[in-house]
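Examining the three-dimensional arrangement
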Amino acid sequence: MDISQATADRVFEAARTATFRRTNLGLRAQVSEGGYTYYVEAGGTFLACIDGREGYGGTEHVFANATAEQDRALREAIAAQAAK
């Protein structure tokens, strides 16, 4: 299932203040937006992405890549959190 660009933009913006945890796939955070909890991954050398969401109907597969600018801002925010 695809999500709108506007929704993806809001999720990536909110992810900049989320707490990322290390998993076997890289860094992952949960972000609440519009009644759903989105899973944002920022691993390795690929762009950050939204890889799934959970809501009233259970877990759904959704996917959206961050833009290069969103990815850069997100990784800067993660680095700043880690430096604290």
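Reference entry: report on the structure contained in this document. As the structure is a prediction and not an experimental result, all values here were calculated from the model. (Residues numbered from 1 in each chain as written. Predicted model: local features only at pLDDT ≥ 70, side-chain atom pairs only at ≥ 80, totals over all residues. Heavy atoms only, no water.)

**Considerations on the overall build of the chain**
A tally of helices and strands in the chain yields two helices and five strands. Taken from the N to the C terminus, the helices and strands of the chain come in the order α-β-β-β-β-β-α. Taking 84 residues into account, the globule formula puts the C-alpha radius of gyration at 12 Å, and the chain, at 12 Å, falls close to it. In the chain, which comprises 84 residues, the share counted as buried stands at 39%. Once local pairs closer than 6 in sequence are excluded, the contacts in the chain between residues at least 24 apart make up 39%. When the accessible area of the chain is evaluated, it comes to approximately 5,200 Å², of which 50% is carbon and sulfur surface. When the 9 positive and 11 negative side-chain charges of the chain are each reduced to one mean point, those points stand 7 Å apart. (Helix = DSSP H or I, 4+ residues; strand = E, 2+ residues; numbered from the N terminus. Rg over C-alpha atoms; globule rule 2.2 N^0.38 Å. Buried < 20%, exposed > 50% of the residue type's maximum accessible area, 1.4 Å probe, protein only. Contact = heavy atoms within 4.5 Å. Areas by Shrake-Rupley, 256 points an atom, 1.4 Å probe, with all protein chains shown as cover. Lys, Arg positive; Asp, Glu negative; His and termini not counted. Charge placed at Lys NZ, Arg CZ, Asp CG, Glu CD.)

**Observations concerning the pattern of salt bridges**
This model, assessed by the stated rule, comprises five salt bridges. Residues Glu41 and Arg28 are paired through a salt bridge, measuring 3.4 Å at the closest nitrogen-oxygen approach. Here the residue Glu41 occupies a position in strand E3 (residues 36-42), and Arg28 occupies one in strand E2 (residues 26-33), the gap between them amounting to 13 residues. What makes Glu41 buried here is its relative accessible area of 7%. With relative accessibility at 27%, the residue Arg28 sits in the partly exposed group. Among the salt bridges present, the one from Asp71 reaches Arg75, with a minimum N-O distance of 2.9 Å. Taken together, the residues Asp71 and Arg75, both in helix H2 (residues 68-83) and four residues apart, mark about one turn of the helix. We classify Arg75 as partly exposed; its relative accessible area is 27%. (Salt bridge = Lys/Arg side-chain N within 4 Å of Asp/Glu carboxyl O.)

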